[in-house]
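# Breakdown of the fold
What follows is each chain in one-letter form.
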Amino acid sequence: MDVARCLALLGMVATHVLEARDPDGSLSLGQALAGGRASALFAVLAGLSIALVTGRGRPLRGSARARASAGLAVRAVLVAAIGLLLGEVDSGIAVILTYYGVLFVLALPFLGLSARWLGVLAVASLVAAPVVSHRVRPSLPERQYSSPTWGQLVDDPGGLLAELTFTGYYPAVPWLAYVLVGLALGRLDLSSRRTAAWLAAGGLVAAVAATAVSRTLTARPDVQHALLTEPPAQDADAAALLDRIAGGLPGTTPTGGAWEWLLVVAPHTATPFDLAQTIGSALLVLGLALLVLGAARPTWRRAAAVFFGAGTMTLTLYSLHVVARSRDLLPSVLRDSYLFHVLLLLGIGSVFAAARLRGPLEGLVGAASRAVAGRPRP
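None of the values given here were measured: they were computed from a predicted structure.

When its secondary structure is counted, the protein shows 18 helices and zero strands. In summary, the protein has a C-alpha radius of gyration of 20 Å against a globular reference of 21 Å for 378 residues, a match within 12%. The principal-axis extent of the C-alpha atoms belonging to the protein is close to 60 × 50 × 50 Å. Within the protein, buried positions represent 49% of all 378 residues. Just so you have it, the protein exposes about 17600 Å², and 65% of that area is on carbon and sulfur atoms.

A few words on the environment of valine 131. Within the secondary structure, valine 131 sits in helix 6 (residues 115-136). Residue classification places valine 131 among the partly exposed positions, given a relative accessible area of 35%. Along the chain, valine 131 and glycine 247 lie 116 residues apart, while their C-alpha atoms are 22 Å from each other. Sequence-distant contacts of valine 131, that is, excluding residues within four places in its chain, are made with Trp259 and Leu262.

Looking at where aspartate 24 falls in the secondary structure, it is placed in the loop between helix 1 (2-17) and helix 2 (29-34). For aspartate 24, a relative accessible area of 63% gives the class exposed.

A word on helix 1. For helix 1, with 16 residues, the first-to-last C-alpha span of 22 Å sits near the 22 Å given by 1.5 Å per residue. Across the 16 residues that make up helix 1, a large majority, 13, are buried.

Let's shift gears to the packing of aromatic side chains. Throughout the structure, instances matching the rule amount to six aromatic pairs. Judged by centre distance (6.4 Å) and plane angle (70 degrees), the rings of phenylalanine 42 and tyrosine 100 are edge-to-face. Here phenylalanine 42, found in helix 3 (residues 37-52), pairs with tyrosine 100, found in helix 5 (residues 97-107); they are 58 residues apart in sequence, far enough to count as distant. The class of phenylalanine 42 is buried, set by a relative accessible area of 8%.

Scoring rules and cut-offs
- Residues numbered from 1 in each chain as written.
- Predicted model: local features only at pLDDT ≥ 70, side-chain atom pairs only at ≥ 80, totals over all residues.
- Heavy atoms only, no water.
- Helix = DSSP H or I, 4+ residues; strand = E, 2+ residues; numbered from the N terminus.
- Rg over C-alpha atoms; globule rule 2.2 N^0.38 Å.
- Buried < 20%, exposed > 50% of the residue type's maximum accessible area, 1.4 Å probe, protein only.
- Areas by Shrake-Rupley, 256 points an atom, 1.4 Å probe, with all protein chains shown as cover.
- Contact = heavy atoms within 4.5 Å.
- Expected span 1.5 Å × (residues − 1).
- Phe/Tyr/Trp six-rings, centres within 6.5 Å; stacked < 30°, edge-to-face > 60°.

Below, the structure written as structure tokens:
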């Protein structure tokens, strides 16, 4: 999990720092690999983490579940508060943490379910939530195109709630499918190599199939006509439109657009095909990490634990990255250097992992959560 979280962090940094397009106009390698997938991997791992602290394969019941839910609610509030604070930083980044806080809260009713039921609900959410979003967004307040902030919470709480749930960059209602998948994974025996192999193979098939089916459907003339006419298009033809949105949209398909927009597969569109593709890629990364590290010798596993130590403190390091992208803090040669951000995050993560220390924000949030939840029973 820590390796996968570290890769997700570096992927998100790539989408923040690297150009989405090469000089010839083609999609850059960083955007092609990490666009939409890194943040989705984070969300799946968030669900997996929740499952691991709520009973793993045997979900908590009764008072134990109530205490764990209270602790998760505190964690959600604190993570969201940190996100609102980071939204005040002039970083040019769509900060994800406030949306994560909402996702933690939405996950609470599902903590007592088995892997089977969680998987069923994840598939249902993947299909239904984008349809609901497409239907309700035209009646919701117009979204803001900056990260949620404390000022928005005070001045426009209704608009902020709409943005966090449906209209924002990482809309929590469609994104609940990621968390449900993660919860289902956490109820499985992840120490089994067979399980890891199924995750990697199933994830690859899901990602490829979602992409292939979407491209087949969007190649139909009637679908392309609908995409170009509702809403009025910026592009001369459907091929140009699909190429443009391959770099990603701001969290949703065009509000008020044709229903055919739900057939596209592109980063941050929250369509059924986008959700299926990014869930598949998340399963592939996690499955491969389990397989590779499960087969490694103890010495190599310890080395990996230090090298990928950033994965143990992603809340702290993500926050540091957002601050480091502030326009007034660092010279542009460092602020816009992917290598600088990678070395900074990996270096700090390795030092903390070697010293067996928790990240400062992880320690703060964890202490507050444990204070409410109490000590778990053996």
